[in-house]
Amino acid sequence: MDRRLCRTVKTRFLVISDTHSRAAIPSCNGPADVVIHCRDLAMGSTLDEFNAAINLLEQIDAPLKLVIAGNHDFTLDPATFQNKIREAQRLQDIDPLLIEKTYGYIGQVRELFNHVNVKGKHGIRLLDEGTHCLTLQNGASLTLYASPYTPSFGGWGFQYDPHEGHEFAIGTVDLVMTHGPPRGVLDMPVSGPRAGCEHLFERVARSKPRMHCFGHIHASWGAKLVTWRKTISKTPSHLTGIDNGQSAVIGKLSNAKASGPQPSYLTSHCSDDAIPLRYGSQTLFVNAAIEGSNDFPSHPAWIVDLDLQAAF
């Protein structure tokens, strides 16, 4: 049976990213079924920052909180962490014990997330790159692809050469969560060219998930309901793969600034909504970066209601 014809369950997602060591985020008006955190929990990747980030997640009312790493979370990337330790000792002759006290030993941050109280009691799950199949507490089935990797930017964690690309092995999934955006969708920085990844866009265009969540580019906070063209080319781009005439901007930063500080934005695209998401021909893209700027220091969180297939 085509899974798109099966019984569905309305599911509420709280989507956030780039909280950068915040002790808390504004109240998000009630519980969610799943929290999606597209990472940069930390700013400098210290143990204190990760403990604060875990405390932030524990405060959110949801049975399951899914988290990936980001470029600022370099202590979760062993190779990058080792390089930074060697560089610090070579250039500044820093005591290794001081480094360990501040940043932990290799693998210690992952141990924090694997602690029984964090993972079991509070439902916080640090996801490695790949596909994950989950049954939610509300009875829905969620299949998602997660990846922390972004194009190289100054030798931080989980990065790759943008010219060589990265193999995003995205199959048929409900949700894609990455730290960075795809090329051409909610990826414009304050200045300079688009910062999204063309290789990521290509794989998402072929998968056509219900939702793709990310952050990383703070200035492009917002959401867009994209309608895909009926025919996707061999090498799709945002210029050839998206039917912009049938797509809709759900929210953008200029509108959020005009309406003033709000804890969250709600958008719902279930079968009984005014704008239902047509699974297989549409994808909701969400840039959920919380970190803002001097004139607008905290962006709202996104609350998204979508239909998922029932687990049984």
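Starting afresh in each chain, residues are numbered from 1 along the sequence in its written order. With pLDDT at 70 or above as the cut-off, local features in this predicted model cover only qualifying residues; side-chain atom pairs require 80 or more to be listed or tallied, and sums for whole chains, interfaces and linings still use all residues. Based on all heavy atoms of the structure, the side-chain values leave hydrogens and waters out of the count.

So, about the nonpolar core. The definition of a nonpolar core used throughout is a set of buried Ala, Val, Leu, Ile, Met, Phe, Trp, Tyr and Cys residues joined through side-chain atoms within 4.5 Å. Burial classes: relative accessible area under 20% of the type maximum marks a residue as buried, over 50% as exposed, and values in between as partly exposed (1.4 Å probe, protein chains only). Grouped together as the largest cluster of nonpolar side chains are 37 residues, with contacts concentrated most on F13, V15, I36, L66 and M211. Tallying contributions element by element places strand 15 (residues 301-309) first for this core, with 4 residues. Leaving out residues up to four positions away in the same chain, I36 has contacts with F13, L14, V15, I16, L66, L175, M177 and C213. Counting 27 residues, the second-largest nonpolar core is a separate cluster that includes I16, L76, V118 and I290. Here a helix means four or more residues in a row that DSSP labels H or I, a strand means two or more in a row labelled E, and each is numbered from the N terminus. Contact definition: two residues touch when any of their heavy atoms are within 4.5 Å.

This part covers the packing of aromatic side chains. Any two aromatic rings considered together are summarised by their centre-to-centre distance and by the angle between their planes. Stacked, tilted and edge-to-face are the three classes assigned to paired rings of Phe, Tyr and Trp, where Trp is represented by its six-membered ring and a pair needs centres within 6.5 Å; plane angles under 30 degrees give stacked, over 60 edge-to-face, the rest tilted. All told, the structure shown has 10 aromatic pairs when counted by the stated rule. Between F74 and Y103, the ring centres sit 6.1 Å apart and the planes meet at 40°, which makes this aromatic pair tilted. You can see F74 sitting in the loop between strand 3 (65-67) and helix 2 (78-92) and its partner Y103 sitting in helix 3 (residues 96-103), a full 29 residues away along the chain. On the accessibility criterion, F74 (7% relative accessible area) is buried. An angle of 25° between the planes, with centres 5.0 Å apart, marks the rings of W221 and W302 as stacked. One end of the pair, W221, is in the loop between strand 10 (211-214) and strand 11 (222-227); the other, W302, is in strand 15, and 81 residues separate them in sequence. No difference in accessibility class separates W221 from W302, as the two residues are buried. Here, over-ring charges are defined by two tests on the NZ atom of lysine or the CZ atom of arginine: distance to the ring centre within 6 Å, and angle to the ring normal within 35 degrees. In this structure, K84 is placed above the aromatic ring of F74, and the distance from its NZ or CZ to the ring centre is 5.1 Å. Across from the ring centre of Y279, 3.9 Å away, lies the NZ or CZ of R210, which sits over that ring.

Moving on to the sheet that holds strand 13 (residues 264-268). Across the sheet, which stays open at both edges, the 6 strands sit in the order 4-3-2-1-15-13 with mixed pairing between neighbours. This sheet does not close on itself; its edge strands, each paired only once, are strand 4 (124-126) and strand 13. Taken pair by pair, the neighbouring strands of this sheet meet at an average axis angle of 25°, ignoring direction. The rule for pairing is simple: two strands pair if DSSP sees at least two bridges between them. Both strand 2 (residues 34-37) and strand 3 contribute to a ladder of 3 bridges, which runs parallel. Here the axes come from fitting lines to C-alpha atoms, over the contacting stretch only for helices, and the angles between their N-to-C directions go from 0 to 180 degrees.

Looking now at the pattern of salt bridges. Any carboxyl oxygen of Asp or Glu that lies within 4 Å of a side-chain nitrogen of Lys or Arg is treated as forming a salt bridge with it. If you walk through the whole model with that rule in mind, you get 7 salt bridges. Residue D305 is joined to R12 by a salt bridge in which the shortest nitrogen-to-oxygen separation is 2.7 Å. Here the residue D305 occupies a position in strand 15, and R12 occupies one in strand 1 (residues 8-16), the gap between them amounting to 293 residues. Judged by its relative accessible area of 2%, D305 is buried. A relative accessible area of 25% places R12 in the partly exposed class. We note a salt bridge from E291 to R22, for which the minimum N-O separation is 3.3 Å. In this pair, E291 sits in the loop between strand 14 (282-287) and strand 15 while R22 sits in the loop between strand 1 and strand 2, placing the two residues 269 residues apart along the sequence.

To continue, consider the side chain of S220. Structurally, S220 can be placed in the loop between strand 10 and strand 11. Distance and chemistry together define a polar contact, namely a pair of N or O atoms within 3.5 Å, with one atom able to donate a hydrogen and the other to accept it when in protein, and with adjacent residues in sequence counting only for side-chain atoms on both sides. At 2.7 Å, the side chain of S220 and the backbone oxygen of M188 are in polar contact. With sequence-adjacent residues up to four places away left out, S220 is seen in contact with L186, D187, M188 and N287.

The opening residue of helix 3, the one whose side-chain oxygen lies 2.9 Å from the backbone nitrogen of L97, is D95. Just downstream of helix 3 lies G104, where phi reads positive at about 85°.

Before going further, it helps to examine the packing of helix 2 against helix 3. At a closest axis distance of 11 Å, the pairing of helix 2 and helix 3 adopts a crossing angle of 140°. On the basis of their axis angle, the class for helix 2 and helix 3 is oblique. Note on packing geometry: the crossing formed by helix 2 with helix 3 is right-handed. On helix 3, the residues that touch F81, I85, A88 and Q89 of helix 2 are P96, I99 and Y103. Charged residues are taken to be Asp, Glu, Lys and Arg, nonpolar residues to be Ala, Val, Leu, Ile, Met, Phe, Trp, Tyr, Cys and Pro, and polar residues to be all remaining types, Gly included. Here the residues of the contact of helix 2 with helix 3 are counted per class, giving 6 nonpolar, 1 polar and no charged. Relative orientations are named as follows: roughly parallel for angles under 35 degrees, roughly antiparallel for angles over 145 degrees, roughly perpendicular for angles from 65 to 115 degrees, and oblique for any other angle. It is the rotation of the near helix from the far one that decides the hand of a crossing: anticlockwise by less than a right angle makes it left-handed, clockwise makes it right-handed.

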